[in-house]
Amino acid sequence: MSEFAGSLNQRIELWERSRDRLATGASSEEMRLVLRCLAAIVSEGTGAANEAMSVSAMQRFRITVRKQVGFAIDQQVRWRGRRLVVRQVVDDPMLVDRLVLRCEEQR
């Protein structure tokens, strides 16, 4: 077993907003489950306190998963009761077996 495989010790769910439209033409607010998988999660602290004059910056996380289809920006990762918004998906060609998601906790 590789060191990477051994670090995947957290269960996460990936959710996205439904693409369905309401009768009025507005987009639906329903969320749908895309996938469940194991991940390695590391806290990256919070953003700069002076960023956009924010008094309280939200917690940020780096989530590493096995490479697979389905991950995109603005999806929601659910982990231990938290809701994290995917802000960046890093597909490094030097790390062909994994994806890194940069996420921010949602209020």
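Just so it is clear, the structure is predicted and the values come from calculations on it, not from any experiment. (Residues numbered from 1 in each chain as written. Predicted model: local features only at pLDDT ≥ 70, side-chain atom pairs only at ≥ 80, totals over all residues. Heavy atoms only, no water.)

Novice: Give me the overall build of the protein: which residues, what numbers.
Specialist: A tally of helices and strands in the protein yields one helix and six strands. Starting at the N terminus, the α and β elements of the protein follow one another as α-β-β-β-β-β-β. Buried positions account for 32% of the 107 residues belonging to the protein. Across the protein, every contact between residues at least 6 apart in sequence was considered, and the portion connecting residues at least 24 apart equals 50%. Total accessible area computed for the protein in this model is approximately 7,200 Å², and 49% of it derives from carbon and sulfur atoms. (Helix = DSSP H or I, 4+ residues; strand = E, 2+ residues; numbered from the N terminus. Buried < 20%, exposed > 50% of the residue type's maximum accessible area, 1.4 Å probe, protein only. Contact = heavy atoms within 4.5 Å. Areas by Shrake-Rupley, 256 points an atom, 1.4 Å probe, with all protein chains shown as cover.)

Novice: Help me get a handle on the pairing of strand β1 (residues 10-17), residues and values and all.
Specialist: Both β1 and strand β2 (residues 31-46) contribute to a ladder of eight bridges, which runs antiparallel. Note on β2: the bridge partner recorded for R11 is L38. The pairing of β1 with strand β4 (residues 76-79) spans three bridges and is antiparallel. For L14, the partnering residue across the bridge sits in β4 and is V77. (Pairing = 2+ DSSP bridges.)

Novice: Would you mind going over unusual backbone geometry in detail, with residue names and values included?
Specialist: A positive phi angle, near 75°, is found at D74, a position not held by glycine. Note that D74 resides in the loop between β3 (59-66) and β4. The exposure class of D74 is exposed, given its relative accessible area of 56%.

Novice: Run through the sheet that holds strand β5 (residues 82-90), naming residues and quoting values.
Specialist: Consider a sheet: its strands pair through backbone hydrogen bonds, and that pairing is either parallel or antiparallel. Read once around its circumference, the closed barrel built from six strands follows the order β1-β2-β3-β6-β5-β4, with strand pairing classed as antiparallel. Neighbour-to-neighbour, the strand axes of this sheet turn through a mean angle of 45°, independent of strand direction. Judged from the six bridges that link them, β2 and β3 form a sheet pairing that is antiparallel. From the neighbouring strand, V42 faces β3, where its bridge partner is R62. (Axes fitted to C-alpha atoms, helices over the stretch in contact; angles between N-to-C directions.)

Novice: Tell me about the confidence of the model for the protein, residues and numbers included.
Specialist: When pLDDT is averaged across the protein, the result is 86; 84% of the residues are at 70 or more. At the low end of the mean pLDDT range in the protein sits helix α1 (residues 3-7), at 78; at the high end sits β4, at 97. (pLDDT = per-residue confidence, 0-100.)

Novice: So, the nonpolar core: which residues are in play, and what are the values?
Specialist: With 17 residues, the main nonpolar core has I12, I63, V65, F71 and V77 as its most contacted residues. Of the residues forming this core, the biggest block, four residues, is contributed by β2. The contact partners of V65, leaving out residues within four places of it in the chain, are F4, L8, I12, C37, L38, A39, F71, D97, R98 and L99. (Core = buried A, V, L, I, M, F, W, Y, C linked by side-chain atoms within 4.5 Å.)

Novice: Account for the pattern of salt bridges, naming residues and giving values.
Specialist: Per the counting criterion, the structure on display carries ten salt bridges. Of the charged contacts in the structure, one is a salt bridge between R87 and D74, with a shortest N-O distance of 3.5 Å. Of this pair, R87 sits in strand β5 while D74 sits in the loop between β3 and β4; the two residues are 13 residues apart in sequence, bridging distant segments of the chain. Within the structure, one salt-bridge network assembled from shared partners comprises R60, D74, R87 and E104. (Salt bridge = Lys/Arg side-chain N within 4 Å of Asp/Glu carboxyl O.)

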